[in-house]
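# Secondary and tertiary structure notes
Here is what each chain is made of, one letter per residue.
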Amino acid sequence: MNQSVTKALSVIDGAQKNGALTFVSREDCMAVTPLYKPEVTIIQLRLPKAKNDPDADVYDIQGKYMPKREIVDRIGEATGLMFIREGCRTWTETLDDNIAGKRTVYISEQQGKKRMGDGSWRTSSVQAYEFDPTMRAMLDYGVTELNAQTKQTKDKWGKKTLAQTILEYTKVARQRAETGARLRVIRELTSMPTAFSPAEASKPLVFGRFAQNTDYILQTPEGRSMANAQALGIDVASIFGGRRLPPADAGLSAPAVLSEAAVQAEDIPAQAEYSEYTAPADSSASEAQAAAATLAEQAAADTDEFEKLTASLAQWCETYKETLDVVCKNGANPYKLAQEELDPNNFNASVKTRNAMIERVKNFLIGKGVKI
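Quick summary incoming for the structure in this document.

Moving on, we get to the overall build of the chain. Check the secondary structure of the chain and you find 17 helices and eleven strands. Taking all 372 residues of the chain together, 38% fall into the buried category. Taking as baseline every contact in the chain between residues at least 6 positions apart, the subset at least 24 positions apart corresponds to 63%. Split by element, the accessible area of the chain, about 21,500 Å² in all, is 50% carbon and sulfur.

Set out below in structure tokens:
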């Protein structure tokens, strides 16, 4: 048992003795492959000291405490949760009824995944959240029908009218729909309830994630081979020992593999061209290890160039962050896209994707009038 696993188990055991609520199990930590290491985070919620306490980490919902958005996001980070771009979208629909009239409703779908100890991904269902600014404001004001008269209804402080609140809600409607769906994904993948009883909320909350064991990867040949095998979609556990990854129908997703676009970008040769490196289904473990080692040597040829491109892209981001960190008309943020490319957990990253992102950043800056 390596040091990181021992440390994680010690933290979990100590927290449980203090009555903590744990959302990561000892079994998950003990099943981790050397390529990853468990990291445990303890979160203590700040409970309200008075009604509507702004410093509290929770909302008081009919006697139960619901963690605020920023706390749930922090919990998602502590779980190592990543959102799947293809499973996330937001759109609008037009509704028209006798209660609130014709209006625009914002709907968002979000999907995420978190890494398991054996290197596989657990994928969430697609969670949807609908935000209706008009209907939400009417509920807040206790109005059952929207008309010219009820639009002038004042809030309980006598400051804003219902019409003003509808306008304010509409300004942030897209973000609220996306946030609502995102929080549902985090709760699903962490198995965390929407709200806690006061007794539960007073206890520490323990979450865990599996991060890349960079020391093992950089300092051992086995670690480098495992990292390359994982990037190429090979069953790491079955090649290097330990329990196999669960089958596709076991409720967990298969190991991360290159998408079709990424495969094309990598110019991976046809099956007939690299069959000499591929172990047949009934080959021995030693033959599979030899195949993985050969693939590792082939992938390692680009290591120096990849590191140089990584440093170059990071420098572009640091130098021109203010210019890049904007939202374009198509909804893309060049700076965030570059950071996703630089993410250490981005196993689809390659020399070609690094080059493509650098070129994209350059073209964006040139379009903004920056002299390159």
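The biggest cluster of nonpolar side chains holds 19 residues, and the ones touching the most others in it are L45, I75, I186, M192, F196, L205 and F207. Counting only elements with at least two residues in this core, the list comes to helix 3 (69-78), helix 6 (173-190) and strand 11 (205-212).

Bridge count for strand 6 (residues 89-97) against strand 7 (residues 101-110) is nine bridges, and the pairing is antiparallel. Bridge assignment links T90 to a residue of strand 7, and that residue is S108. Linking strand 6 to strand 7, which pair antiparallel, is a turn of three residues. Across five bridges, the pairing between strand 7 and strand 10 (residues 127-131) is antiparallel. Counterpart to E109 in the pairing with strand 10 is A128.

Moving on, we come to helix 17 (residues 351-367). An ideal rise of 1.5 Å per residue puts 24 Å on 17 residues; helix 17 measures up with 24 Å between its terminal C-alpha atoms. Looking at the residues trailing helix 17, positive phi occurs at G369, about 85°.

This paragraph deals with the packing of aromatic side chains. Aromatic ring pairs are reported here in terms of the distance separating the ring centres and the angle at which the planes meet. Taken as a whole, this structure holds three aromatic pairs when the rule is applied. Ring plane angle 65° and centroid distance 6.3 Å describe the contact between F131 and Y169, whose orientation is recorded as edge-to-face. Here F131, found in strand 10, pairs with Y169, found in helix 5 (residues 162-171); they are 38 residues apart in sequence, far enough to count as distant. F131 gets classed as buried once you look at its relative accessible area, which sits at 0%.

Right, let's get into the environment of S191. Relative to the elements of secondary structure, S191 occurs in the loop between helix 6 and helix 7 (198-201). Put simply, S191 and V24 are 167 residues apart on the chain and 9.7 Å apart in space, counted from C-alpha to C-alpha. Discounting chain neighbours no more than four positions away, the residues touching S191 are F23 and R122.

A few words on helix 3. Every buried residue of helix 3 is accounted for by I71, V72, I75, G76 and A78. Taken down its axis, helix 3 places every buried residue within 160° of arc, on the same side. Buried residues belonging to helix 3 abut strand 2 (36-43), strand 4 (64-67), helix 6 and strand 11. In the segment just after helix 3, G80 is the residue with positive phi, at about 75°.

Sheet strands pair by backbone hydrogen bonding; their relative direction is either parallel or antiparallel. Spatially, the three strands line up as an open sheet ordered 6-7-10, and their pairing is antiparallel. Two strands close off the open sheet at either side, each with one partner strand: strand 6 and strand 10. Adjacent strand axes in the sheet meet at a mean angle of 25° when their direction is disregarded. In the packing of helix 6 onto the sheet, the strands contacted are strand 6, strand 7 and strand 10, and the crossing angle to strand 10 comes to about 150°.

This part takes up the packing of helix 3 against helix 6. Where helix 3 contacts helix 6, the axes come no closer than 10 Å and their chain directions differ by 45°. Taken as axis vectors, helix 3 and helix 6 run oblique relative to one another. Crossing angle aside, the handedness with which helix 3 passes helix 6 is left-handed. Counting all contacts with helix 3, which are made through R69, V72, D73, I75 and G76, the residues of helix 6 involved are T179, R182, L183, I186, R187 and T190. Residue composition of the contact of helix 3 with helix 6, grouped by class: four nonpolar, three polar and four charged.

Next up on the list: the environment of M66. You can see M66 is positioned in strand 4. Between the C-alpha atom of M66 and that of F196, which follows or precedes it by 130 residues, the distance is 6.3 Å. With sequence-adjacent residues up to four places away left out, M66 is seen in contact with D57, V58, Y59, I61, R187, T194 and A195.

Time to look at the packing of helix 5 against helix 6. Relative placement of two packed helices is described by the angle separating their axes and the distance separating the axes. The geometry of helix 5 relative to helix 6 is characterised by a closest axis approach of 4 Å and an angle of 60° between their N-to-C directions. Judged by the angle between their axes, helix 5 and helix 6 are oblique. Residues Y169, T170 and K171 of helix 5 form the contact with helix 6, whose participating residues are A173, Q175 and R176. Across the contact of helix 5 with helix 6, the residue classes tally to two nonpolar, two polar and two charged.

A separate point is the pattern of salt bridges. Scanning the entire structure with this criterion turns up twelve salt bridges. In this structure, R46 and D57 form a salt bridge, with 3.2 Å as the shortest nitrogen-oxygen distance. Of the two residues, R46 is situated in the loop between strand 2 and strand 3 (58-61) and D57 in the loop between strand 2 and strand 3; the sequence distance between them amounts to eleven residues. When the shortest N-O distance is used, the salt bridge between K160 and E168 registers 2.9 Å. The exposure class of K160 is partly exposed, given its relative accessible area of 31%. Salt bridges sharing partners connect three or more residues here, namely R69, E70, D73 and R182.

Conventions used here
- Residues numbered from 1 in each chain as written.
- Predicted model: local features only at pLDDT ≥ 70, side-chain atom pairs only at ≥ 80, totals over all residues.
- Heavy atoms only, no water.
- Helix = DSSP H or I, 4+ residues; strand = E, 2+ residues; numbered from the N terminus.
- Buried < 20%, exposed > 50% of the residue type's maximum accessible area, 1.4 Å probe, protein only.
- Contact = heavy atoms within 4.5 Å.
- Areas by Shrake-Rupley, 256 points an atom, 1.4 Å probe, with all protein chains shown as cover.
- Core = buried A, V, L, I, M, F, W, Y, C linked by side-chain atoms within 4.5 Å.
- Pairing = 2+ DSSP bridges.
- Expected span 1.5 Å × (residues − 1).
- Phe/Tyr/Trp six-rings, centres within 6.5 Å; stacked < 30°, edge-to-face > 60°.
- Arc of directions from axis to C-beta.
- Axes fitted to C-alpha atoms, helices over the stretch in contact; angles between N-to-C directions.
- Parallel < 35°, antiparallel > 145°, perpendicular 65-115°, else oblique.
- Left-handed = near helix turned anticlockwise from the far one by under 90°.
- Nonpolar A, V, L, I, M, F, W, Y, C, P; charged D, E, K, R; others polar.
- Salt bridge = Lys/Arg side-chain N within 4 Å of Asp/Glu carboxyl O.

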